[in-house]
Amino acid sequence: RTVMNMKKILKRIAKENGVTVEEVREEMQKAITEAWKNPPADGGVTAAYQRKVPCKGEVPTPEELIRYAAAEIRRQAG
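Structure report, in brief.

About the cut-offs
Residues numbered from 1 in each chain as written. Predicted model: local features only at pLDDT ≥ 70, side-chain atom pairs only at ≥ 80, totals over all residues. Heavy atoms only, no water. Helix = DSSP H or I, 4+ residues; strand = E, 2+ residues; numbered from the N terminus. Buried < 20%, exposed > 50% of the residue type's maximum accessible area, 1.4 Å probe, protein only. Contact = heavy atoms within 4.5 Å. Areas by Shrake-Rupley, 256 points an atom, 1.4 Å probe, with all protein chains shown as cover. Lys, Arg positive; Asp, Glu negative; His and termini not counted. Charge placed at Lys NZ, Arg CZ, Asp CG, Glu CD. Expected span 1.5 Å × (residues − 1). Salt bridge = Lys/Arg side-chain N within 4 Å of Asp/Glu carboxyl O. Axes fitted to C-alpha atoms, helices over the stretch in contact; angles between N-to-C directions. Parallel < 35°, antiparallel > 145°, perpendicular 65-115°, else oblique.

Observations concerning the overall build of the protein
A count of helical and extended segments in the protein gives 4 helices and 0 strands. Seen in sequence order, the protein has helices and strands lined up from the N terminus as α-α-α-α. Projected onto its principal axes, the C-alpha positions of the protein cover 40 × 30 × 20 Å. Classification of the 78 residues of the protein by burial places 21% in the buried group. Across the protein, the fraction of contacts at a sequence separation of at least 24, relative to all contacts at a separation of at least 6, is 44%. When the accessible surface of the protein is totalled, it reaches about 6,000 Å², and 57% of it is carbon and sulfur. In the protein, 15 side chains carry a positive charge and 11 a negative one; their mean positions are 9 Å apart.

See the structure below:
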């Protein structure tokens, strides 16, 4: 379900910005990778939250991060 919604979201963002879906996803991945590789100097708080995000690799994909964030929002709202 999230994957289908993700496709629609990416298409909309791409259309609104005059770029391709691939470009949107690549930019999202760059931002996520940058955040994971260079967390702020906050005593490890951000890194601790990052470790909670389930992902197959060292850095989550946009889909993995969105899926986790959506589940956390639902859990906290529940």
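Description of helix α4 (residues 62-77)
Compared with an ideal rise of 1.5 Å per residue, which puts 16 residues at 22 Å, α4 spans 22 Å between its outermost C-alpha atoms and is within 8% of the ideal. Those residues of α4 not exposed but buried are Pro62, Glu63, Glu64, Tyr68 and Glu72.

Digging into the side chain of glutamate 64
Relative to the helices and strands, glutamate 64 is located in helix α4. For the buried glutamate 64, which has no salt bridge, the nearest side chain bearing the opposite charge is arginine 67, at an N-O separation of 5.5 Å. Other than its neighbours up to four places away in sequence, glutamate 64 contacts Val53, Pro54, Cys55, Lys56 and Val59.

Quick word on the packing of helix α2 (residues 21-37) against α4
Taken N-terminus to C-terminus, the directions of α2 and α4 make an angle of 70°; their axes are 9 Å apart at the nearest point. Taken as axis vectors, α2 and α4 run roughly perpendicular relative to one another. Here α2 contributes Arg25, Met28, Gln29, Ile32 and Trp36 to the contact with α4, which in turn contributes Pro62, Glu63, Leu65 and Ile66.

Things to note about the pattern of salt bridges
With the rule as written, the count across this model stands at 5 salt bridges. Notably, a salt bridge pairs glutamate 27 with lysine 30, separated by 3.1 Å at the nearest N-O pair. Of this pair, glutamate 27 and lysine 30 are both found in helix α2, 3 residues apart, which corresponds to roughly one turn of the helix. What makes lysine 30 exposed here is its relative accessible area of 52%.

Purely spatial values, then, with no claim about function.
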